[in-house]
Every structure is written in structure tokens, then in C-alpha cells.
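Given next are the chains, with one letter for each unit.
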2 protein chains.
Amino acid sequence: MPWHLTSDRPIYTQLIEQIKLKICSGVYPPGSKLPSVRDLAREASVNPNTMQRALAKLEEDGLLYTQRTSGRYVTEDVDMIKKAKNQLAKEHIQNFLTKMAELGFDYDEILSIISSMAKEMKK
Amino acid sequence: MPWHLTSDRPIYTQLIEQIKLKICSGVYPPGSKLPSVRDLAREASVNPNTMQRALAKLEEDGLLYTQRTSGRYVTEDVDMIKKAKNQLAKEHIQNFLTKMAELGFDYDEILSIISSMAKEMKK
DNA sequence: ATTACTGTATTAAGGACTTAATACAATAAT
DNA sequence: ATTATTGTATTAAGTCCTTAATACAGTAAT
């Protein structure tokens, strides 16, 4: 999964989301070691300071921890990761339903549109 | 519908989205006159320059037009508005399905979660 | 005719984000 | 022991966004 960065929001915010996603989806498994700040920055074509900022935030949230000079690791707390994943899913669903309701779609419409669209995207 | 502005994205971007939503959902009906730039800016607690920037973009897209010194109006082209609305819906659905798939949910899961969550939100 | 209200434009200032270029201390690898 | 690699910190520059303070021309209202 490559890095998708756009200029319409702060980069460090997008980095936080994408690293979090990699943790929640298992790309970075529990307990695994992350690439170094400099390597991650290179990967994402971003300044090390910016990557550092994102990592510090994820550490603050408890999804990562640092071992002084050996590197940074994903938490072994699989329950915390699971909760983070469910929280993300919940937010996506609520945002989506809210936006569709604002546009004037009711729940039956949403369900029928989404099931036909899901079939489209399977191809 | 009040204005919801956050600091995590440029304000003018959020203004564009929210005015567009008001047009697509009928809060600002086709052909109706908008409040003046200064009034809209006051409403949203934003600088007139910033509001002007958002309005200019919507005008560029054809959803608004300006009559020299009398004010700004929503397009009478109801078909264009309808297309904009459907485009918005499509984007929301695609974004949603993509994000849920990235998290590891398959379509059946998504459908069952959403239908139960929709019932929750009805209350 | 005068006044008030349109959209529009300009300039200056401040803030947040990003990059670049370093530097330092602690530890792993050799 | 020396070297390379960790995370971390600092400073300066540049960009974009936002605000503030004006100003102007055209038109509607009086």
C-alpha cells in the first residue's frame, strides 16, 4: 500500500491516518518494528520532521511505542488495535450516513444505491 | 443549517462544500438570490475575502452567477444541480466503500452494519 | 442627486505547515 | 573501540491561508 498525499490537508494529518490504517488493517502487525523515521520519510517523500510529528501523535495515542535507540514498534495490545479499528469504522459510517442524509437521501435509498454500487466495484 | 468550520482544512474549501450542499439540497433554491458576500461572511464568521474566494469558485463551476451590482444568484439550471447532487452522492459512496474495504470489511459486513446503524440513527 | 449596497481588488500582517540543514546523545553492529 | 543507526531538537526560509483595512465602480433605492 503506497502513500497517498494530497495538498488539501496538512500532510502530517494524512500520515497519521495512513499509518493508523496500516496498523488497524495488519500491514504493520502488533509488536512489529517500523522502518526508521528517515526511511519512512523517504518512502512517503516527506521531510523527516513531518514524519516524526505523525509518529509522535500515534505514540501519544498508544498505538506505537519507542525503544530508546533501537526503533519504534507497534503496540502488542491487540485489543487496543481492535478498538481503534472499530472506532474508525464507526466514524466512517456515521460520516457517510450524515452526509447522505444532508443531501436528502433516506435510508432505504442509501441501502439500495450502496448494494448496486458495491456490485459495480467488485468488477 | 448553520456553518460548521474546522481548522483542519482551508476554510474556503469548507465554504465551497457547504454552499454547494445548500444548493444541492434546496436550502438555496434554483434562481434564488444569495445574501451578499459581506452578509454571508458575517453569518459564517469569516473574512469577506475568504467568502468571496469560495463564491468565485462556485461561479466558475456554474452553480452561481453574478448580476453586476444587484447580487449573486443560484443557477436556474435544475439539471446541473441534479447532476452535482448525484456526483456528490457518488463520491461519498465510493469514498466510504473504499475506506471500509481498506479496513478489511467486505460488502456483506458493510451492508449489515450500515442497516443496523441506520436504525440506531433514526431514534 | 444623494445614499446605500452590490461585487471586486489591493496591500500588509500574522499564523500554520513544510522543508532543509544541521546537531546531539544513546545504543546496536562491526 | 569505532562506526552506523536510533530518536529527537533547533533554526531559518518559503508557501499558503486568513484577516484587516481600505478603496473603487456600478446600480438600486430614496
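Nothing here was measured: the structure is a model prediction, and the numbers come from that model.

**Student:** Explain the environment of Leu55 of chain B residue by residue, including any values.
**Tutor:** Residue and element names in this part refer to chain B. Here Leu55 lies in helix H3 (residues 48-60). With 62 residues separating them in the primary sequence, Leu55 and Met117 have C-alpha atoms 36 Å apart. Once residues within four sequence positions are removed from consideration, Leu55 is found in contact with Ile19, Leu34, Val37, Leu40, Leu64 and Arg72.

**Student:** Hey, could you go over unusual backbone geometry for me, with residue numbers and the actual values?
**Tutor:** One non-glycine residue, Ser45 of chain A, lies in the positive phi region at around 55°. Taking the relative accessible area as the measure of exposure, Ser45 of chain A reaches 68% and is therefore exposed.

**Student:** Pulling in residues and values, what's your account of the protein's contact with DNA strand C?
**Tutor:** Near DNA strand C there are 20 residues, and of these Ile11, Asn49, Thr50 and Thr69 of chain A together with Gln52 of chain B occur at the shortest range. The sugar and phosphate moieties of DNA strand C supply 69% of its atoms located within 4 Å of the protein. Here a sugar or linking oxygen of DNA strand C and a side-chain polar atom of Thr69 of chain A are 2.4 Å apart. Counting only elements with at least two residues in the surface near DNA strand C, the list comes to helix H1 (11-24) and helix H3 (48-60) of chain A together with helix H2 (37-44), H3 and strand E2 (71-74) of chain B.

**Student:** Provide a residue-level description of the packing of H1 of chain A against helix H4 (residues 78-103) of chain A, including the pertinent values.
**Tutor:** All names here are of chain A. For the pair H1 and H4, the least separation of the axes is 9 Å and the interaxial angle reads 120°. As summarised for this structure, H1 and H4 are arranged oblique, according to the angle between their axes. Considering the relative orientation of H1 and H4, their crossing is left-handed. Every residue of H4 that contacts H1 at Lys20, Ile23 and Cys24 is listed here: Ile81, Ala84, Lys85 and Leu88. Looking at the contact of H1 with H4 residue by residue, the class counts come to five nonpolar, no polar and two charged.

**Student:** How would you summarise the interface of chain A and chain B if you had to cite specific residues and measurements?
**Tutor:** Between chain A and chain B, the contact holds 30 residues from the first and 31 residues from the second. Taking both partners together, chain A and chain B bury about 3100 Å²; carbon and sulfur atoms supply 83% of that area. The largest contributions to the chain A side of the interface with chain B come from Ile93, Leu103 and Tyr107 of chain A, which together make up 21% of the buried area. Scanning the region where chain A abuts chain B turns up zero salt bridges. Applying the counting criterion to the chain A and chain B interface returns two residue pairs in polar contact (both at pLDDT 80 or more).

Conventions and cut-offs
Residues numbered from 1 in each chain as written. Chains lettered and ligands numbered in written order. Predicted model: local features only at pLDDT ≥ 70, side-chain atom pairs only at ≥ 80, totals over all residues. Heavy atoms only, no water. Helix = DSSP H or I, 4+ residues; strand = E, 2+ residues; numbered from the N terminus. Contact = heavy atoms within 4.5 Å. Buried < 20%, exposed > 50% of the residue type's maximum accessible area, 1.4 Å probe, protein only. Near = heavy atom within 4 Å. Polar contact = N/O pair within 3.5 Å; in protein donor to acceptor, adjacent residues only side chain to side chain. Axes fitted to C-alpha atoms, helices over the stretch in contact; angles between N-to-C directions. Parallel < 35°, antiparallel > 145°, perpendicular 65-115°, else oblique. Left-handed = near helix turned anticlockwise from the far one by under 90°. Nonpolar A, V, L, I, M, F, W, Y, C, P; charged D, E, K, R; others polar. Buried area = accessible area lost by both parts, 1.4 Å probe. Salt bridge = Lys/Arg side-chain N within 4 Å of Asp/Glu carboxyl O.

Nothing here speaks to function; it is geometry throughout.
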